[in-house]
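What the coordinates show
Letter by letter, the chains look like this.
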Amino acid sequence: QVQLVESGGGLVQAGGSLRLSCAASGLTFGSYAMGWFRQAPGKEREFVAAITWTGGSTYYADSVKGRFTISRDNAKNTVYLQMNSLKPEDTAAYYCAFRMSPVLSGAPSAYRYWGQGTQVTVSS
């Protein structure tokens, strides 16, 4: 059973930065990918970024490309999302997710395990 715990959310002014962390436990040897998604009130869950665990290949939504960076620390079983130049429209609950496949995907249905989420609020 894979467990994911996010942290690092908070309140920040527009133009500011935050770094989210996702600590994973229960991982076994294999190739897989992890992703970040977000969901604002009244909206569907939206893909943000994904990374393969072994090769470090990345994939971003157009809305965050150039502002957000996903990375991982294999020794700590942790994935990060560095968010710069934040905008009010980035306000949402952010979730990390895990899939037992090295193929990057932006579809929520492709991910089997999810964290509980961390709130990011960007004020204008």
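The following paragraphs examine the structure supplied in this document. (Residues numbered from 1 in each chain as written. Predicted model: local features only at pLDDT ≥ 70, side-chain atom pairs only at ≥ 80, totals over all residues. Heavy atoms only, no water.)

1. So, the overall build of the protein chain
For the protein chain, the count of helices and strands is zero helices and 11 strands. Reading the protein chain from its N terminus to its C terminus gives the helix and strand order β-β-β-β-β-β-β-β-β-β-β. The C-alpha radius of gyration computed for the protein chain amounts to 13 Å, which stays within 12% of the reference 14 Å derived for 124 residues, consistent with globular compactness. When its C-alpha atoms are laid out on the principal axes, the protein chain stretches across 45 × 30 × 25 Å. (Helix = DSSP H or I, 4+ residues; strand = E, 2+ residues; numbered from the N terminus. Rg over C-alpha atoms; globule rule 2.2 N^0.38 Å.)

2. Overview of the packing of aromatic side chains
Under the counting rule described, the total for this entry stands at eight aromatic pairs. Between the aromatic rings of tyrosine 32 and phenylalanine 98, the centroid separation amounts to 4.8 Å while the plane-to-plane angle is 50°, which identifies the pairing as tilted. In this pair, tyrosine 32 is assigned in the loop between strand 3 (18–25) and strand 4 (33–39) and phenylalanine 98 in strand 9 (residues 92–99), connecting sequence segments 66 residues apart. Given the relative accessible area of 2%, phenylalanine 98 is considered buried. Within the aromatic cluster, the residues linked to one another by ring pairs are Phe37, Phe47, Tyr59, Tyr111 and Trp114. Against the face of tryptophan 114 rests arginine 45, its NZ or CZ located 4.8 Å from the ring centre. Seen from the ring of tyrosine 111, arginine 99 lies directly overhead, with NZ or CZ sitting 5.9 Å from the centre. (Phe/Tyr/Trp six-rings, centres within 6.5 Å; stacked < 30°, edge-to-face > 60°. Buried < 20%, exposed > 50% of the residue type's maximum accessible area, 1.4 Å probe, protein only. Lys NZ or Arg CZ within 6 Å of the ring centre and 35° of its normal.)

3. Focus on the state of the cysteines
The tally for this structure, following the rule as stated, stands at one disulfide. Each sulfur in the disulfide pair cysteine 22 and cysteine 96 lies 2.0 Å from the other. Its S-S torsion of about 55° marks the bond between cysteine 22 and cysteine 96 as right-handed, since a negative value means left-handed. Separated by 74 residues along the polypeptide, cysteine 22 in strand 3 and cysteine 96 in strand 9 bring together distant segments of the chain. An identical accessibility class is assigned to cysteine 22 and cysteine 96; each is buried. (Disulfide = S-S within 2.5 Å.)

4. Some details on the pairing of strand 4
Of all the seven residues making up strand 4, six are buried; the element is thus mostly covered by neighbouring parts of the structure. In sequence, strand 4 turns back onto strand 5 (residues 46–52) through a hairpin of six residues, with glycine 42 there showing a positive phi of about 80°. Alignment of strand 4 against strand 9, held across seven bridges, turns out to be antiparallel. The residue bridging arginine 38 from the neighbouring strand is tyrosine 94, located in strand 9. (Pairing = 2+ DSSP bridges.)

5. Some details on the environment of methionine 100
By the element assignment, methionine 100 lies in the loop between strand 9 and strand 10 (113–114). Assessed through its relative accessible area of 54%, methionine 100 is described here as exposed. Here methionine 100 is in contact with Thr28, Ser31 and Tyr32, once residues within four sequence places are set aside. (Contact = heavy atoms within 4.5 Å.)

6. Comments concerning the nonpolar core
The biggest cluster of nonpolar side chains holds 37 residues, and the ones touching the most others in it are Leu4, Trp36, Leu81, Met83 and Tyr94. Sorting the residues of this core by element identifies strand 3, strand 4, strand 5, strand 7 (68–73), strand 8 (78–83), strand 9 and strand 11 (118–123) as the ones contributing at least two each. With residues near it in sequence (within four places) discarded, leucine 81 still touches Leu18, Arg19, Leu20, Trp36, Val48, Ala49, Phe68, Thr69, Ile70 and Tyr94. (Core = buried A, V, L, I, M, F, W, Y, C linked by side-chain atoms within 4.5 Å.)

Coordinates in, geometry out; function isn't part of it.
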